[in-house]
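One letter stands for each residue in the lines below.
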Amino acid sequence: ALGSSQVRALSAEQLTSISVTQMKGLTAAHIGALSTTQAAALTATQVSALNKVQLSVLTAPQLAAFGGDQLGAMSASQIGGLGIAQLRSISADQIASLTPAQAAGFTTTQIKSFSVQQVGALSPLFGVETHLIREVAVVVHAGHVEDAEELKFAPLGAHAGRAPRDAGPPPRTPPAAGCRPPWPG
């Protein structure tokens, strides 16, 4: 059997010639030893043959090196087995390349760990309008400051958005020409 250093010494071309049976025989140490160039060279068929243990040892850079074909070859079960650190390395474009069946494999815990951009990439997969899914992401990520530049708010005024105590009801706006007013009388 080949050692991890021997597997790492394989060229991308040599690596792509490994059969599905041989891929299944690689240990977690073999998979973990792959360079990002080697990980990017894996064929879709090879990626689909990886088991949960093999997938669990993929580093964030290895997974980030995957193209759409490789991610597209993963089953919902394989996607559901990915760790949080691995998922954080997947770009919004990579998530957008998944099918709805694959995206259904994401667990609640995985989705809660997504960035706003990753959640936004899910919207076309489920037919949900992007602005709605981003609103959900903001709620899910309340208190998580990842993109400080996006979180700069203007200072609050003296009343901090509260109406004065003696404000009374808001003024009525007259209806447009030809429309009935929404209030009685």
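What counts and what doesn't
- Residues numbered from 1 in each chain as written.
- Predicted model: local features only at pLDDT ≥ 70, side-chain atom pairs only at ≥ 80, totals over all residues.
- Heavy atoms only, no water.
- Helix = DSSP H or I, 4+ residues; strand = E, 2+ residues; numbered from the N terminus.
- Buried < 20%, exposed > 50% of the residue type's maximum accessible area, 1.4 Å probe, protein only.
- Areas by Shrake-Rupley, 256 points an atom, 1.4 Å probe, with all protein chains shown as cover.
- pLDDT = per-residue confidence, 0-100.
- Contact = heavy atoms within 4.5 Å.
- Polar contact = N/O pair within 3.5 Å; in protein donor to acceptor, adjacent residues only side chain to side chain.
- 1 Å grid on protein atoms, 1.4 Å probe; cavity = no way out; pocket = protein on both sides within 12 Å on 5 of 7 lines; lining within 4 Å.
- Points joined across faces, edges and corners; volume = space filled by probe spheres on them.
- Nonpolar A, V, L, I, M, F, W, Y, C, P; charged D, E, K, R; others polar.
- Phe/Tyr/Trp six-rings, centres within 6.5 Å; stacked < 30°, edge-to-face > 60°.

Asks: How would you summarise the overall build of the protein if you had to cite specific residues and measurements?
Replies: Scanning the protein for helices and strands turns up 16 helices and zero strands. Taken over 185 residues, the protein has a buried fraction of 30%. With the model as given, the accessible surface of the protein reaches about 11,300 Å², and the carbon-plus-sulfur share is 59%.

Asks: Any chance you could break down the confidence of the model for the protein for me, citing the residues and the numbers?
Replies: When pLDDT drops low, the exact placement of atoms in the prediction is not to be read closely. Taken over all residues, the pLDDT of the protein has a mean of 79, while the share at 70 or more is 66%. Taking the mean pLDDT of every element in the protein, the minimum, 49, falls on helix α16 (residues 130–140) and the maximum, 95, on helix α6 (residues 44–48). Scored below 50 in pLDDT, residues 145–153 shows six contacts in the model against residues more than four places distant or in partner chains.

Asks: Before we move on, could you go through the environment of Ala-101 and cite the residues and values that matter?
Replies: Considering the arrangement of structural elements, one finds Ala-101 in helix α13 (residues 100–103). We classify Ala-101 as exposed; its relative accessible area is 55%. For the pair Ala-101 and Ser-75, spaced 26 residues apart in sequence, the C-alpha to C-alpha distance is 8.3 Å.

Asks: Report on the side chain of Gln-78, specifying residues and quantitative values.
Replies: Within the secondary structure, Gln-78 is located in helix α10 (residues 76–80). Relative accessible area serves as the criterion here: at 6%, Gln-78 is assigned to the buried category. At 3.2 Å, the side chain of Gln-78 forms a polar contact with the backbone oxygen of Val-47. For Gln-78, the contacting residues outside a window of four places in its chain are Val-47, Ser-48, Leu-50, Leu-55 and Ala-73.

Asks: Residue-level account of empty space enclosed by the protein, with values.
Replies: Under the criterion given, the structure shown has one cavity of 30 Å³ or more. Its boundaries defined by the atoms lining it, the largest cavity holds a volume of some 40 Å³. Lining the largest cavity are Leu-71, Ile-79, Leu-82, Ile-90, Gln-94, Leu-98 and Phe-106. A per-class count over the lining of the largest cavity returns six nonpolar, one polar and no charged.

Asks: Could you give me a rundown of the packing of aromatic side chains, with the residues and numbers involved?
Replies: The final tally for this structure, using the stated rule, is one aromatic pair. When the ring of Phe-106 is compared with that of Phe-114, the centres are 5.0 Å apart and the planes differ by 85°; the resulting orientation is edge-to-face. Take Phe-106: its relative accessible area is 9%, and that puts it in the buried class. Under the relative-accessibility criterion, Phe-114 is labelled buried at 0%.

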